[in-house]
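Listed below are the residues making up each chain.
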Amino acid sequence: MGDLRRRGVVALGVTALVAPLTLAIGATPAQAASCTTSAGPYQKKVEKFLGRPVDGKQSAADCKAVRAFQTKHGIRPNIGYAGPVTWGVMNLMNKQKAVGKNPNKAGKCPTNKGRIACVDLTLQLSWIQDGKKLVYGPVPVRTGRNGYETRTGLKKVYWRNKNHVSTIYDVPMPYSQFFDGGQAFHSVGVSMWNPPGSHGCVNMTSTAAKKYWSLLKKGDDVYVYGRKSGT
C-alpha cells in the first residue's frame, strides 16, 4: 500500500492542481469591483439568457444580473460587462442543456466496453454508461485549461483515494480516481463553469464525484474525447 501511495503521489505532477487561476493570482474580491455602464458585444444574448428585457442597452438592473452571474461562476472581472467570456459560459450551458439524457447520441464513447466513464471535452460533460445504457449523468465538469489539457484517449482507473491531498500544492482532491498519470476525477469547491479550467483533472461537484466513487472501481475504463474551447 505504501508503494502504491508513493507511485500515486509521483504520478500527480503539475496536473493535480485544481485551485482556480483567479485565486492563484489573487483576484480582486467581488465586492471591490464597480458595475459598468457600458453595453458589451454580447449584450442582447446575455440579456436573453438571463431573462432580461432584450434591448442591447446596459441598465443598472442588467449590470446587477450579469454581475451576479459572473460572481457565482468566478468570471473576472465581475463588473457586469457582457463580454466574450461571460457569453462563452452561457453558450456552453445552453449546449449542455440541449444534450438532455442522450449524451452519447453521436456514439463517440465506446459502447462495447461494458461500464465506462465518458468525458466530452467539447461540451464539458461526463457520464457513466454500460454498453448503450446510461447509468449516471450527464453532469457538467471542469477540465484542463490551455497548456494543461486533459489528455484524450481510452484509459483505466488505476488508483483511488477518497481523501487525497496534493503534496505539491497542498490542495484537497476529495474522491480522487486517477486514470492518466496525475489526471483524475475529483470534487472541487468552485463552479463547474469557473474559467479557465483545471490543471488537467476532471473537476466535479461533490454530488457527482461521490456518485462516480460509488459506481466506478479500479480497472474501469475511461474515455476522453473532443477538445475544450480555448485549448
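Preceding this paragraph is the structure being described.
Cut-offs and rules
- Residues numbered from 1 in each chain as written.
- Predicted model: local features only at pLDDT ≥ 70, side-chain atom pairs only at ≥ 80, totals over all residues.
- Heavy atoms only, no water.
- Pairing = 2+ DSSP bridges.
- Helix = DSSP H or I, 4+ residues; strand = E, 2+ residues; numbered from the N terminus.
- Axes fitted to C-alpha atoms, helices over the stretch in contact; angles between N-to-C directions.
- Contact = heavy atoms within 4.5 Å.
- Buried < 20%, exposed > 50% of the residue type's maximum accessible area, 1.4 Å probe, protein only.
- Polar contact = N/O pair within 3.5 Å; in protein donor to acceptor, adjacent residues only side chain to side chain.
- Core = buried A, V, L, I, M, F, W, Y, C linked by side-chain atoms within 4.5 Å.
- Disulfide = S-S within 2.5 Å.
- Arc of directions from axis to C-beta.

### Structural notes on the sheet that holds strand S6 (residues 172-180)
Now for step 1: Ordered by their spatial adjacency, four strands build an open sheet running S5-S6-S7-S8, and the pairing between neighbours is mixed. The open sheet is flanked by strand S5 (159-165) and strand S8 (202-204), the only strands paired with a single partner. Pairwise comparison of adjacent strand axes, ignoring direction, gives a mean angle of 20 degrees for this sheet.
Now for step 2: Pairing analysis gives three bridges linking strand S7 (residues 183-187) to S8, with the strands arranged parallel. Along S8, the bridge assignment pairs Ser187 with Met204.
Now for step 3: Its contacts with the sheet place helix H6 (residues 206-215) against S5, S6, S7 and S8, and it is angled at close to 50 degrees to S6.

### Focus on unusual backbone geometry
Now for step 1: Of note, the bond from Arg76 into Pro77 is cis; its omega dihedral lies within 30 degrees of zero at -5 degrees.
Now for step 2: Of note, Pro77 is situated in the loop between helix H4 (60-72) and helix H5 (84-99).
Now for step 3: Between Pro195 and Pro196 the backbone carries a cis peptide bond, its omega angle lying at 5 degrees.
Now for step 4: Tracing the chain through its elements places Pro196 in the loop between S7 and S8.
Now for step 5: Located in the positive-phi region is Gln124, a residue other than glycine, with phi close to 55 degrees.

### Points about the side chain of Asn203
Now for step 1: Inspection of the secondary structure assignment puts Asn203 in strand S8.
Now for step 2: A relative accessible area of 0% places Asn203 in the buried class.
Now for step 3: A polar contact is formed between the side chain of Asn203 and the side chain of Arg142, at a distance of 2.8 Å.

### What to know about the nonpolar core
Now for step 1: If you look at the biggest cluster of nonpolar residues, it comprises 21 residues, and the most contacted ones within it are Phe185, Met204 and Tyr212.
Now for step 2: Those elements giving two or more residues to this core turn out to be strand S1 (115-120), strand S3 (133-140), S6, S8, H6 and strand S9 (221-225).
Now for step 3: Here the element with the most residues in this core is H6; it accounts for five residues.
Now for step 4: Here Met204 is in contact with Val139, Val141, Phe185, His186, Ser187, Val188, Met192, Ala209 and Tyr212, once residues within four sequence places are set aside.
Now for step 5: Of all hydrophobic cores here, the second largest spans nine residues; its members include Val46, Val66, Phe69 and Trp87.

### Considering the sheet that holds S1
Now for step 1: As summarised here, the arrangement of the five strands in space is S3-S2-S1-S9-S4, forming an open sheet in which the pairing is mixed. Looking at the sheet topology across the chains shown, the edges are occupied by S3 and strand S4 (153-156). For this sheet, the mean angle separating the axes of adjacent strands, direction not counted, is 20 degrees.
Now for step 2: Looking at chain direction, S1 and strand S2 (residues 125-130) are connected through six bridges and run antiparallel. Each residue of the ladder has a partner; that of Ala117, found in S2, is Ile128.
Now for step 3: Set on the sheet, H6 makes contact with S1, S2 and S3; between it and S3 the angle comes to about 150 degrees.

### Considering the state of the cysteines
Now for step 1: Applying the stated criterion to the full structure yields two disulfides.
Now for step 2: Paired through a disulfide, Cys35 and Cys63 show a sulfur-sulfur distance of 1.8 Å. With the S-S bond torsion at -130 degrees, the cross-link from Cys35 to Cys63 turns out left-handed. Of the two residues, Cys35 sits in the loop between helix H2 (21-24) and helix H3 (43-50) while Cys63 sits in helix H4, which places them 28 residues apart along the sequence.
Now for step 3: On the basis of relative accessible area, Cys63 is assigned to the buried category, the value being 1%.
Now for step 4: Sequence-ordered numbering of the bonded cysteines in the protein chain gives a pairing of 1-2, 3-4.

### Here's the deal with H3
Now for step 1: Buried within H3 are the following residues: Gln43, Val46 and Glu47. One side of H3 carries all its buried residues, which in axial view fall inside an arc of 100 degrees. Exposed positions of H3 whose direction lies more than 90 degrees from the buried face are Lys44 and Lys48.
Now for step 2: Summarising the contacts, the buried residues of H3 are in contact with H4 and H5.
Now for step 3: One or two steps after H3, the chain reaches Gly51, where phi turns positive at roughly 75 degrees.

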